[in-house]
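The chain contents come next:
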Amino acid sequence: MVRIIWREASGREIAADVAPGTTLMRAALEQGVGGIRGECGGNLACATCHVLPDPAWIARLGPPSAPEDDLLDFLDDERRPESRLSCQITASEALDGLILTVPAP
Ligand code: FES
């Protein structure tokens, strides 16, 4: 299992053990993380799964794909250098301890 920590805009922190292979959007929905809606089901069509990975993890995550990068330009909230779509991040042992902040709407 992979430990993932979400920090909601409210300041509430949620930590969960996620099965490898699960997208972090799906895991957030299962955990009831506020601010993650995943409206398109992970099909890169909504950007309602926006997260800000802790900067210490950026290198391990690697860059977004070109389609993810394009969609990040259409966020309702502000895009930041570390912005990612959590439906495009899959839990793996290399991400054990990852911290994701959910931006304020
Ligand atoms: Fe729609 Fe991630 S869930 S883009």
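Here the structure is a predicted model, which is why all the values come from computation and not from measurement. (Residues numbered from 1 in each chain as written. Predicted model: local features only at pLDDT ≥ 70, side-chain atom pairs only at ≥ 80, totals over all residues. Heavy atoms only, no water.)

1. Some thoughts on the pattern of salt bridges
Part 1 of the reasoning: Applying the stated criterion to the full structure yields 7 salt bridges.
Part 2 of the reasoning: For E39, the salt bridge goes to R37, with nearest N and O atoms at 2.7 Å.
Part 3 of the reasoning: The class of R37 is partly exposed, set by a relative accessible area of 46%.
Part 4 of the reasoning: Across the pair R84 and E68 runs a salt bridge, and its minimum N-O distance is 2.8 Å. Separated by 16 residues along the polypeptide, R84 in strand β4 (residues 84-85) and E68 in helix α3 (residues 66-72) bring together distant segments of the chain.
Part 5 of the reasoning: The structure contains a network of salt bridges with shared partners spanning D69, D73 and R79. (Salt bridge = Lys/Arg side-chain N within 4 Å of Asp/Glu carboxyl O. Buried < 20%, exposed > 50% of the residue type's maximum accessible area, 1.4 Å probe, protein only. Helix = DSSP H or I, 4+ residues; strand = E, 2+ residues; numbered from the N terminus.)

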